[in-house]
Amino acid sequence: MRSMSETSKVAQPVGDKLPTAPCSVVWSRGHAYVLEPVGGRSRWMGVDDKGRAVALSGADLQHRGWSRTCKR
């Protein structure tokens, strides 16, 4: 059985915080998203499977899952 401190270390994903610098790029569900200022706030901009523009919040990306590299 693992101790509480070992369990905490395993449960923490590495790099689980989204980048905050403008023009940062992350991947989610096979699509790239770029952090851009939109209407006074930062939004993650990308396209869906049909090429339509998509604007996501940081919370949206956390919920969907993301990475710094493309994972299909």
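The structure presented is a predicted model; accordingly, all values stated were derived computationally and were not measured.

So, how was this worked out
Residues numbered from 1 in each chain as written. Predicted model: local features only at pLDDT ≥ 70, side-chain atom pairs only at ≥ 80, totals over all residues. Heavy atoms only, no water. Helix = DSSP H or I, 4+ residues; strand = E, 2+ residues; numbered from the N terminus. Polar contact = N/O pair within 3.5 Å; in protein donor to acceptor, adjacent residues only side chain to side chain. Contact = heavy atoms within 4.5 Å. pLDDT = per-residue confidence, 0-100. Pairing = 2+ DSSP bridges. Axes fitted to C-alpha atoms, helices over the stretch in contact; angles between N-to-C directions. Buried < 20%, exposed > 50% of the residue type's maximum accessible area, 1.4 Å probe, protein only.

**Student:** Sorry, what's going on with the side chain of D48 here?
**Tutor:** Tracing the sequence through the fold places D48 in the loop between strand 3 (41-47) and strand 4 (53-56). Among the polar contacts listed, one links the side chain of D48 to the backbone nitrogen of K50, at a separation of 2.9 Å. Not counting the four nearest positions on each side in its chain, D48 is found in contact with H31 and V54.

**Student:** Would you mind going over the confidence of the model for the protein with me for this structure?
**Tutor:** Caution applies to low-pLDDT parts of the model: their predicted coordinates are not meant to be read in detail. Summing up the model confidence of the protein, the mean pLDDT is 82 and the portion of residues at 70 or higher is 78%. Across residues 1-14, where pLDDT falls below 50, the model places 2 contacts with residues more than four positions away in sequence or in other chains.

**Student:** Quick question: what am I supposed to make of the sheet that holds strand 2 (residues 31-38) here?
**Tutor:** For sheets, the rule is that strands pair by backbone hydrogen bonds, running either parallel or antiparallel. Read from one edge to the other, the open sheet built from 4 strands follows the order 1-2-3-4, with strand pairing classed as antiparallel. Edge strands, defined here as strands with exactly one partner in the open sheet, are strand 1 (25-28) and strand 4. For this sheet, the mean inter-axis angle between neighbouring strands, taken without regard to orientation, is 40°. The pairing of strand 1 with strand 2 spans 4 bridges and is antiparallel. When the bridges of strand 2 are listed, V26 appears paired with Y33.

**Student:** Even after reading the chapter, I still don't get the environment of K71, so can you show me in this structure?
**Tutor:** With respect to the helices, strands and loops of the structure, K71 is situated in the segment after helix 2 (58-64). Under the relative-accessibility criterion, K71 is labelled exposed at 59%. Counting along the chain gives 44 residues from K71 to W27, while the straight-line C-alpha distance between them is 7.5 Å.

**Student:** How should I be thinking about unusual backbone geometry in this particular structure?
**Tutor:** Excluding glycine, residues mostly have negative phi values, and the peptide bonds linking residues are mostly trans. Despite not being glycine, C23 shows a phi value in the positive range, around 70°. Relative to the helices and strands, C23 is located in the loop between helix 1 (4-11) and strand 1. One non-glycine residue, R29, lies in the positive phi region at around 55°. Looking at where R29 falls in the secondary structure, it is placed in the loop between strand 1 and strand 2. Assessed through its relative accessible area of 58%, R29 is described here as exposed.

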